Amino acid sequence: QPDKGFVIADSIGLLSHPAVLVGGAALFCYIALEASMGGFITTYLKSHNLSDKTAGLILSAFWIALMAARLLTAIFLTGIEPAMIVPALAVVAVIAIGLMVTAPNAAVGILGTLLAGFSFGPIFPTLVGVCFAKTDAIANGTGGSVFGLIFAIGLSGGIIVPMLIGKFAASLSIRQSMKIALVVAVALVAMSVGLWLGVPDAAAKEAC
């Protein structure tokens, strides 16, 4: 039998934990990027004069690249510190979105789109695992609460940032508005580095 059921006071207390705050901020950035890419890739690609069919196929390839990267990471990167993987992939995401923003032609835009999908893939599950490790969520039975809190913070990014991109795309252009995604990707690098280097694992804190 579990020691106790859901205790709302314990969950609220987790909001002061650095891993929840920083991890939630990182997830805010990540979900904002994934939602924005999923929602605006076809519009972006059509701005390069691609057909609806071609843009749709590349959108599918974006999601395939995301899923493939997630699977490959789970198989081949098991020996690497998970907290280090997220900022490394976030840097790749900055490069990918930078290519999309500055693309002089459709080929470069497509390359940036697929590279973005590949870089996004492992971030979500790895980020959740890092937050669990830094709060010792599995051992102390707060895994559900930690996930719920960081996911709630993250979902707000999926609401706010696509709305901003759509608003600026209407008044400027989709490629200009993608600069917002670029800024969010840079923020993801900063938040994930902070989570990696600034928040110790729970086991390390206990050892100290």
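The structure displayed is predicted, hence computed values, not measured ones.

Caption draft 1: Main features of the nonpolar core. In terms of nonpolar packing, the biggest core is built from 57 residues, with Tyr30, Leu33, Met37, Ile97, Phe120 and Leu188 touching the most fellow members. When residues of this core are assigned to their parent elements, the largest contribution, 14 residues, is made by helix H2 (residues 18-46).

Caption draft 2: Looking closely at helix H4 (residues 82-102). Compared with the 30 Å implied by 1.5 Å per residue over 21 residues, the 31 Å span of H4 between its first and last C-alpha is a close match. Among the residues of H4, those classed as buried are Ala83, Ile85, Val86, Pro87, Leu89, Ala90, Ala93, Ala96, Ile97, Gly98, Met100 and Val101. The inward-facing, buried residues of H4 abut H2, helix H5 (106-120), helix H6 (123-135) and helix H9 (174-198).

Caption draft 3: Local environment of helix H8 (residues 143-171). The end-to-end C-alpha distance of H8, which contains 29 residues, comes to 43 Å, matching closely the 42 Å that a straight helix rising 1.5 Å per residue would cover. For H8, the set of buried residues is Gly143, Ser145, Val146, Leu149, Ile150, Gly154, Gly157, Val161, Pro162 and Ile165.

Caption draft 4: The pattern of salt bridges, seen in detail. Scanning the entire structure with this criterion turns up two salt bridges. A salt bridge links aspartate 52 to lysine 46; the shortest N-O distance between them is 3.2 Å. When its relative accessible area of 40% is taken as the criterion, lysine 46 is described as partly exposed. Residue aspartate 201 pairs with lysine 134 through a salt bridge whose shortest N-O separation is 3.1 Å. Of the two residues, aspartate 201 is situated in the loop between H9 and helix H10 (202-207) and lysine 134 in helix H6; the sequence distance between them amounts to 67 residues.

Caption draft 5: Layout of the packing of H4 against H6. At a closest axis distance of 9 Å, the pairing of H4 and H6 adopts a crossing angle of 145°. For the element pair H4 and H6, the recorded crossing hand is left-handed. Between H4, through Pro82, Ala83, Ile85, Val86, Leu89 and Ala90, and H6, the contact on the second element is made entirely by Ile123, Thr126, Leu127, Val130 and Lys134. Looking at the contact of H4 with H6, its residues break down into nine nonpolar, one polar and one charged.

Caption draft 6: Geometry of the environment of alanine 83. By secondary structure assignment, the location of alanine 83 is in helix H4. Separated by 93 residues in sequence, alanine 83 and glutamine 176 have C-alpha atoms that sit 32 Å apart. If we ignore the near neighbours within four places in the chain, the residues touching alanine 83 are Val130, Lys134, Ser192 and Trp196.

Caption draft 7: Local environment of the side chain of serine 119. Among the secondary structure elements, serine 119 is positioned in helix H5. Judged by relative accessible area, serine 119 falls into the buried class, the value being 1%. Here the side chain of serine 119 touches alanine 116 through a polar contact of 2.8 Å, landing on its backbone oxygen. Not counting the four nearest positions on each side in its chain, serine 119 is found in contact with Leu89, Val92 and Ala93.

Caption draft 8: Summary view of the packing of helix H3 (residues 52-76) against H5. Two elements in contact, H3 and H5, have axes whose closest approach is 6 Å; the angle formed by their N-to-C orientations is 35°. Our pair here, H3 against H5, has a crossing hand that is right-handed. Two secondary-structure elements touch here, H3 through Ile58, Ala61, Phe62, Ala65, Leu66, Ala69, Arg70 and Leu72 and H5 through Ile110, Thr113, Leu114, Ala116, Gly117, Phe118 and Phe120. Taken together, the residues that form the contact of H3 with H5 break down as twelve nonpolar, two polar and one charged.

Procedures and definitions
- Residues numbered from 1 in each chain as written.
- Predicted model: local features only at pLDDT ≥ 70, side-chain atom pairs only at ≥ 80, totals over all residues.
- Heavy atoms only, no water.
- Core = buried A, V, L, I, M, F, W, Y, C linked by side-chain atoms within 4.5 Å.
- Buried < 20%, exposed > 50% of the residue type's maximum accessible area, 1.4 Å probe, protein only.
- Helix = DSSP H or I, 4+ residues; strand = E, 2+ residues; numbered from the N terminus.
- Expected span 1.5 Å × (residues − 1).
- Contact = heavy atoms within 4.5 Å.
- Salt bridge = Lys/Arg side-chain N within 4 Å of Asp/Glu carboxyl O.
- Axes fitted to C-alpha atoms, helices over the stretch in contact; angles between N-to-C directions.
- Left-handed = near helix turned anticlockwise from the far one by under 90°.
- Nonpolar A, V, L, I, M, F, W, Y, C, P; charged D, E, K, R; others polar.
- Polar contact = N/O pair within 3.5 Å; in protein donor to acceptor, adjacent residues only side chain to side chain.

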